[in-house]
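One letter stands for each residue in the lines below.
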Amino acid sequence: MTVVAMSHGELSRFDTLMRVERGELRVDDAAALLGLKRRQIFRLLDRLRTEGAAGLISRKRGRPSNRRHSDALREQIIAIVREHYHDFGPTLAREYLIERHGITVACETLRQFMIQAGLWKDREARRPRPYQPRYRRDCRGELVQVDGSKHWWFEDRGPQCTLLVFIDDATSELMHLRMVESENTFAYMDAMTAYIEAHGKPVAIYSDKHGVFRNNTASAKGDGMTHFGRALETLNIEIICANSPQAKGRVERANGTLQDRLVKAMRLEGIATIEAANAFLPGYMARHNQRFAKAPFDPLDVHRPLAPHDDLKAEMVWREQRTVTQALTLHYNKALIILEPTEISRPLAGKRVDVCEYPDGRLEIRHEEHILPYRVFDKIRQVNQAAIVENKHLDAALAMAKAMQEMLPPRKRNNNEPCRRSQGAHLFPPPQPQEGAPVKRKRGRPPLPRLSPIEAAQRMLEPL
């Protein structure tokens, strides 16, 4: 049995011709119904009798159109668009093809060419992906969404800074707010320590793919876990990274609300520093939760207290391992750390010890449960003296070494060192630029000057 694919018009023509063949319809009436001449009706009847229903199918089906553009012209248009107008829309690209290249082509034809070449997407492909709403967690403390919002929180009264936001997924309750200079590991360690001390340990935190929570590089050392992730794993707190900002929409919407309400609240209080903002945030957080917090589905609070073996302060550190030399020294961040020769440190030659850097700037050398005393010799601050010279040439050699050091740019420390903007005093101050040394210009457009609300109003009232 042969299956014939026919269009709606061809099926209608087949039915009309079969009625003519059965004598139910005259040829003139069939011609009027189909909009054809009498002789065309007779041709179709002959084809129907010899070939059957397949004879009524259009002979042009499956064949290229007689009015189609040649393959050479098509390839020429695609090459021009790919080279000069790859980010243009079909309408704009058509205008430039006519103006600059003398090629006239229909807009819809060019659109199809660009879609087939991968230079354009149709409306359906450009439609944004729908994100279905996700139900809240049942219990308070089951999932805490975490994010950092960089914004002009003090408007023109202070610098741009970052607000770390901890919001409970079950209740939309702001659990902790902290204003910091930048979103970095030590800032999150400080904030997480304060959160756990106030509420206990949550089951999991939900964050983006920031380098604090997830090692995004392919050449990850060791197990590839970040220092913040290692600390939370020790405390039995899970980190879950969202694949898109919409997935953690609760904290993203809270950031938008805070960028409106918190900015205005701090403006009324005249707050212009990070310290004053952190002192103001607990009171504001209570008012915000009273207005926006929801009741959980289950009143059970699943926050867990610290276990007896949990040492919160000792775990929230930047921890790296180093090998002790036979001279009881080790290298960390281009600094030479010299261990004091004690009964505990003497047997450690050739063994691994932990270098722990705290958020407050303290540095400890640990081996198991022992904290080892040490001295630090900063190799960046040392004077690179000249070669061995005679006593009478020493002054000239030192003068030459000093002149060479002043000409050199300040030396950098390790590239993988932590961001210390959230620390207080620490052992590794940044190198100071020399006077008169060229300053490297930042890439991109310089930021526009910000106007105060009074200046903006005065500019609007000025006559044109």
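Structural notes, computed from the coordinates. Note on numbering: residues in each chain are counted from 1, in written sequence order. Since the coordinates come from a predicted model, pLDDT governs what is reported: local features require at least 70, and pairs of side-chain atoms require 80 or more to be given and counted, while whole-chain, interface and lining totals use all residues. Note: side-chain values were computed over all heavy atoms of the structure, leaving out hydrogens and water.

What follows covers the packing of helix H1 (residues 8–21) against helix H2 (residues 27–34). Axis separation between H1 and H2 bottoms out at 10 Å; the angle between their running directions is 170°. Taken together, the axes of H1 and H2 lie roughly antiparallel to each other. Contacts from Arg 13, Thr 16 and Val 20 in H1 reach Val 27, Ala 30, Leu 33 and Leu 34 in H2. Ten residues, namely Ala, Val, Leu, Ile, Met, Phe, Trp, Tyr, Cys and Pro, are considered nonpolar, four, namely Asp, Glu, Lys and Arg, are considered charged, and the remaining ones, Gly among them, are considered polar. The residue inventory of the contact of H1 with H2, partitioned by class, reads 5 nonpolar, 1 polar and 1 charged. Angular values range over 0 to 180 degrees, each being the angle between N-to-C directions of two axes fitted as lines to C-alpha atoms, with helices fitted over their stretch in contact. Strands are runs of DSSP state E lasting at least 2 residues, helices are runs of H or I lasting at least 4, and numbering of each runs from the N terminus. Angular relationships are summarised with four words: roughly parallel below 35 degrees, roughly antiparallel beyond 145, roughly perpendicular across 65 to 115, and oblique for the angles in between. Residue contacts are counted whenever heavy atoms from the two residues lie within 4.5 Å of one another.

Let us now look at helix H9 (residues 227–234). Note on exposure labels: buried denotes an accessible area under 20% of the residue type's maximum, exposed denotes more than 50%, and partly exposed covers the range between, all computed with a 1.4 Å probe on protein chains only. The element H9 is extensively covered by neighbouring structure, given that 6 of its 8 residues are classed as buried. Within H9, the full set of buried residues consists of His 227, Phe 228, Gly 229, Arg 230, Ala 231 and Leu 232. Buried-residue contacts for H9 involve helix H8 (185–199), strand S4 (204–207), strand S5 (238–241), helix H12 (312–315) and strand S6 (318–323). Asn 236 occupies a position one or two residues after H9 and carries a positive phi of about 65°.

Another aspect to go through is the environment of Leu 17. Residue position: Leu 17 is located in helix H1. Residue Leu 17 is classed as buried on the basis of its relative accessible area of 0%. In this structure the C-alpha to C-alpha distance between Leu 17 and Leu 34, which are 17 residues apart in sequence, comes to 9.6 Å. Residues in contact with Leu 17, not counting those within four places in the same chain, are Ile 41, Leu 44, Leu 45, Leu 48 and Leu 56.

Each regular strand carries side chains that alternate between the two faces of the sheet. Counting buried positions over the 7 residues of strand S3 (residues 174–180) gives 6, a clear majority of the element. Here 6 bridges tie strand S2 (residues 161–168) to S3, and the two strands are oriented antiparallel to one another. In the sheet register, Ile 167 faces S3, and the bridge partner there is Leu 174. Strand pairing requires that DSSP identify at least two bridges connecting the strands. Here S2 folds back onto S3 in antiparallel fashion, the turn holding 5 residues, of which Ser 172 has a positive phi close to 60°.

Before going further, it helps to examine the pattern of salt bridges. By definition, a salt bridge exists where a carboxyl oxygen of Asp or Glu is found within 4 Å of a side-chain nitrogen of Lys or Arg. For the structure on display, the rule yields 26 salt bridges. Among the salt bridges present, the one from Arg 38 reaches Asp 28, with a minimum N-O distance of 2.4 Å. Taken together, the residues Arg 38 in helix H3 (residues 38–51) and Asp 28 in helix H2 connect sequence positions 10 residues apart. Judged by relative accessible area, Asp 28 falls into the partly exposed class, the value being 39%. Between Asp 360 and Arg 362 there is a salt bridge, with its nearest N and O atoms 3.0 Å apart. Salt bridges here are not isolated pairs; linked through shared partners, they connect Arg 230, Glu 315, Arg 319 and Asp 354.

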